[in-house]
Every structure is written in structure tokens, then in C-alpha cells.
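Secondary and tertiary structure notes
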Amino acid sequence: KAAKSLDGLDVLVRDLVVLTQVESGDLKMNYSIVDLIEITEDIFDQLEEKAQSKGIRLKINRKGEEGVFVWADNQRITQVFVNLIDNAIKYGKEKGLIQVGFQELDSEFKISIQDDGPGISDEDLPRIFERFYRVDKSRSRETGGTGLGLAIVKHILNAHETTISVQSKIEKGTIFTFLLAKPLKD
């Protein structure tokens with residue numbers, strides 16, 4: 001029990017450090033050309049066992065066979081995807097479907113991460129990006145996490161000069177959407 005508690009505290013401290021760095025502007029961003037398909041496939045591999053334990057299918061939606069290349073900080077964007085996909089698995093319904101979609105626009109890609117879980121009430125939606133805010137307080141112990149994931153996601157995307165939006169319907173699921181810039185052509 002003590003080791004598990006220490007692991008939980010370690011995760012909490014790391015999340016608080018990242019959040020503080022991002023909020024204060026002290027987090028150094030290392031931009032490069034990043035393939036979001038590769039990141040998504042890696043995260044699906046990491047979280048496959050967790051998804052399978054709930055009978056959840058993970059799917060990438062994209063048109064064409066080429067990668068989805070954006071100008072971003074690889075480590076931080078990976079953190080955004082991990083937080084959003086992990087949350088979708090945690091709170092998604094048993095035998096559900098999680099879809100990561102990519103829509104090409106003129107100078108950016110629109111990314112969506114969608115689950116078919118219980119959804120988030122209109123009352124809770126405006127607060128989900130706040131530190132430590134939990135929609136379902138009764139489940140917070142069993143699902144784990146620090147309550148900082150979505151706050152970190154919001155601030156990392158703000159550092160990428162974009163914002164995240166969320167749409168949710170009770171018993172239908174939730175979709176998180178954001179834009180990332182394509183690399184500039186030489």
C-alpha cells in the first residue's frame with residue numbers, strides 16, 4: 001500500500017511540475033515535424049491491454065495513407081494524446097469504441113478524440129479543464145489519476161497557440177477537438 005501511495009504521489013508531483021512550468025511559460029517547447037499517426041499508434045500499443053480489459057476497440061480515422069504531419073513539440077503532444085486517450089478508456093463504456101480522427105484543412109489538421117461513454121453533463125463541461133476537477137467524484141479512487149490531465153492538455157495546447165473544445169451528450173459520449181499547424185513548406 002505504501003509503495004502504491006508513493007507511486008501516486010510521484011505522478012501527482014510530476015503532473016504539478018509540468019502544469020506549473022506550462023502555466024508560467026517556463027516549459028521549453030522543442031518544435032519539430034511530428035507524425036500524429038505514429039504517436040497515436042504508439043499510444044494505442046501502450047494502452048491496448050487496458051482497453052482490451054474493458055472490451056474497448058481503438059480506431060484511427062483518416063483519409064489517405066500518408067502520415068499526418070504537424071509542427072509541434074513531440075513529447076508534449078504525445079502527453080496530450082496519452083491523457084485524452086487514457087481518459088477515454090477510463091471513462092468510456094464497456095465494449096465501447098474510441099476513435100482518433102484527423103481532418104486535413106488548409107494550413108492545419110483538425111484532431112478529434114471521441115468515445116461513446118456516459119458523456120459529461122452541461123453543468124460539468126465548463127469546469128473539466130480546471131485543476132483537480134472530477135466529473136464523477138465517486139469514481140476518482142477506482143480510476144486513479146491526479147485530476148490534472150485535462151488542465152495539462154489545455155495548457156500544452158495553449159502553448160502550441162491552439163485551444164481545445166469539447167462536445168458531450170449524456171449516454172452518447174464525448175468528443176475533444178483541437179487544431180495543430182502543418183509544417184511550413186520551404
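Scope of this entry: the structure provided in the associated data block. Counting restarts for each chain: residues are numbered from 1 in the order of the written sequence. Local features in this predicted model are restricted to residues whose pLDDT is 70 or higher, and side-chain atom pairs enter the listing and the counts only when it is 80 or higher, whereas totals over whole chains, interfaces and linings include all residues. Side-chain measures here rest on the full set of heavy atoms in the structure, leaving out hydrogens and waters.

1. Brief notes about a negative patch on the surface
Going by this rule: A patch consists of residues whose relative accessible area exceeds 30% and which take part in no salt bridge; residues with like charges are grouped when within 9 Å of each other, and nonpolar side chains (Val, Leu, Ile, Met, Phe, Trp, Tyr) when within 5 Å. Each accessible area is a Shrake-Rupley result for a 1.4 Å probe, and residues are judged covered by the shown protein chains and nothing else. A pairing counts as a salt bridge when a side-chain nitrogen of Lys or Arg comes within 4 Å of a carboxyl oxygen of Asp or Glu. When charges are counted, Lys and Arg contribute as positive and Asp and Glu as negative, whereas His and the chain ends are disregarded. Charge positions are represented by NZ for Lys, CZ for Arg, CG for Asp and CD for Glu. By the criteria applied, helices consist of DSSP H or I runs no shorter than four residues and strands consist of E runs no shorter than two, each listed in order from the N terminus. A 1.4 Å probe rolled over the protein chains alone gives each residue an accessible area, and that area as a share of the maximum for its type sets the label: buried under 20%, exposed over 50%, partly exposed in between.
A cluster of acidic residues, Glu38, Glu41, Asp42, Asp45, Glu48 and Glu49, forms a negative patch at the surface. Mapped onto the elements, Asp42 comes out in helix α2 (residues 36–53). We classify Asp42 as partly exposed; its relative accessible area is 41%.

2. With respect to the pattern of salt bridges
A side chain of one charge can pair with a side chain of the opposite charge if their charged atoms are brought near each other. What the rule picks out here adds up to three salt bridges. A salt bridge links Asp86 to Lys50; its shortest N-O distance comes to 2.5 Å. Of the two residues, Asp86 is situated in helix α3 (residues 74–91) and Lys50 in helix α2; the sequence distance between them amounts to 36 residues. With relative accessibility at 33%, the residue Lys50 sits in the partly exposed group. Its salt-bridge partner being Lys90, residue Asp86 comes within 3.6 Å of it at the nearest N-O pair. One end of the pair, Asp86, and the other, Lys90, are both in helix α3, four residues apart, so they sit about a helical turn from each other. Here Asp86 and Lys90 have matching classes, each one buried.

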